[in-house]
Amino acid sequence: MLAASLELALVILDAAYDLDEGRTIALESTALLSSTREWASSIFLRLDAGGGMMVDRESSDSVNRVRRATAGVVLKIEEMLDKWRRVMIDL
């Protein structure tokens, strides 16, 4: 379920980037974008620390799927925020 949620977030972020390079979501939903980045980062850090996170106990594939999705979400958001940060400051 966690991996699917993260993958859905990544699909939405990819679509936003394809639409207008993330301009609309970065400028109009900055708080949502930042919160999503923090959420994904905290999941990644918990997985990296090796504890405090319950993902499918049976499968390392599930953990890897979550890791890939969290990394993708964080990187895509960073890409958008870096691209539009100057415009965000000027507003």
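See above for the structure.
Residues numbered from 1 in each chain as written. Predicted model: local features only at pLDDT ≥ 70, side-chain atom pairs only at ≥ 80, totals over all residues. Heavy atoms only, no water.

**Some words on the overall build of the protein chain**
Regarding its fold elements, the protein chain presents 4 helices and 0 strands. Taking contacts inside the protein chain between residues at least 6 apart in sequence as the whole, the part at least 24 apart equals 76%. Here the protein chain contributes 11 positively and 15 negatively charged side chains, and the mean placements of these two sets differ by 3 Å. (Helix = DSSP H or I, 4+ residues; strand = E, 2+ residues; numbered from the N terminus. Contact = heavy atoms within 4.5 Å. Lys, Arg positive; Asp, Glu negative; His and termini not counted. Charge placed at Lys NZ, Arg CZ, Asp CG, Glu CD.)

**Overview of the pattern of salt bridges**
As enumerated under the stated definition, the model contains 6 salt bridges in all. Among the ionic pairs, K76 bridges to D14, the shortest N-O distance being 3.5 Å. With K76 in helix α4 (residues 60-90) and D14 in helix α1 (residues 2-20), this pair connects stretches of sequence that are 62 residues apart. Among the residues examined, K76 registers a relative accessible area of 15% and is labelled buried. (Salt bridge = Lys/Arg side-chain N within 4 Å of Asp/Glu carboxyl O. Buried < 20%, exposed > 50% of the residue type's maximum accessible area, 1.4 Å probe, protein only.)

**A few points about the nonpolar core**
The biggest cluster of nonpolar side chains holds 21 residues, and the ones touching the most others in it are L6, L13, L33, V66, V73, I77 and M80. Looking at this core, the elements that each hand over two or more residues are α1, α2 (23-28), α3 (30-49) and α4. Here this core gets 8 residues from one element, more than from any other, and that element is α4. (Core = buried A, V, L, I, M, F, W, Y, C linked by side-chain atoms within 4.5 Å.)

**Some words on the packing of aromatic side chains**
A full pass over the atoms with the stated rule returns 0 aromatic pairs. For K76, the ring lying beneath its charged end belongs to Y17, and the centroid distance is 4.5 Å. (Phe/Tyr/Trp six-rings, centres within 6.5 Å; stacked < 30°, edge-to-face > 60°. Lys NZ or Arg CZ within 6 Å of the ring centre and 35° of its normal.)

**Description of α3**
Its 20 residues place the ends of α3 28 Å apart at the C-alpha level, agreeing with the 28 Å of an ideal helix rising 1.5 Å per residue. The complete set of buried residues in α3 reads L33, S34, T36, A40, I43 and L47. As for α3, its buried residues are in contact with α1, α2 and α4. Two residues or fewer past α3, G50 is found with a positive phi of approximately 85°. (Expected span 1.5 Å × (residues − 1).)

**Examining unusual backbone geometry**
One non-glycine residue, E21, lies in positive phi territory at about 60°. With respect to the secondary-structure elements, E21 resides in the loop between α1 and α2.

**A look at the packing of α1 against α4**
Remark: α1 packs on α4, axes separated minimally by 9 Å, with the N-to-C direction vectors making an angle of 30°. Between α1 and α4, the crossing angle belongs to the class labelled roughly parallel. Once α1 is placed against α4, the crossing between them reads as left-handed. Contact with α1, carried on its side by L2, A3, A4, L6, E7, A9, L10, L13, D14, A16, Y17 and D20, involves R65, V66, A69, T70, G72, V73, K76, I77, E79, M80, K83 and W84 of α4 and no other residues of that element. Residues belonging to the contact of α1 with α4 are distributed by class as follows: 15 nonpolar, 2 polar and 7 charged. (Axes fitted to C-alpha atoms, helices over the stretch in contact; angles between N-to-C directions. Parallel < 35°, antiparallel > 145°, perpendicular 65-115°, else oblique. Left-handed = near helix turned anticlockwise from the far one by under 90°. Nonpolar A, V, L, I, M, F, W, Y, C, P; charged D, E, K, R; others polar.)

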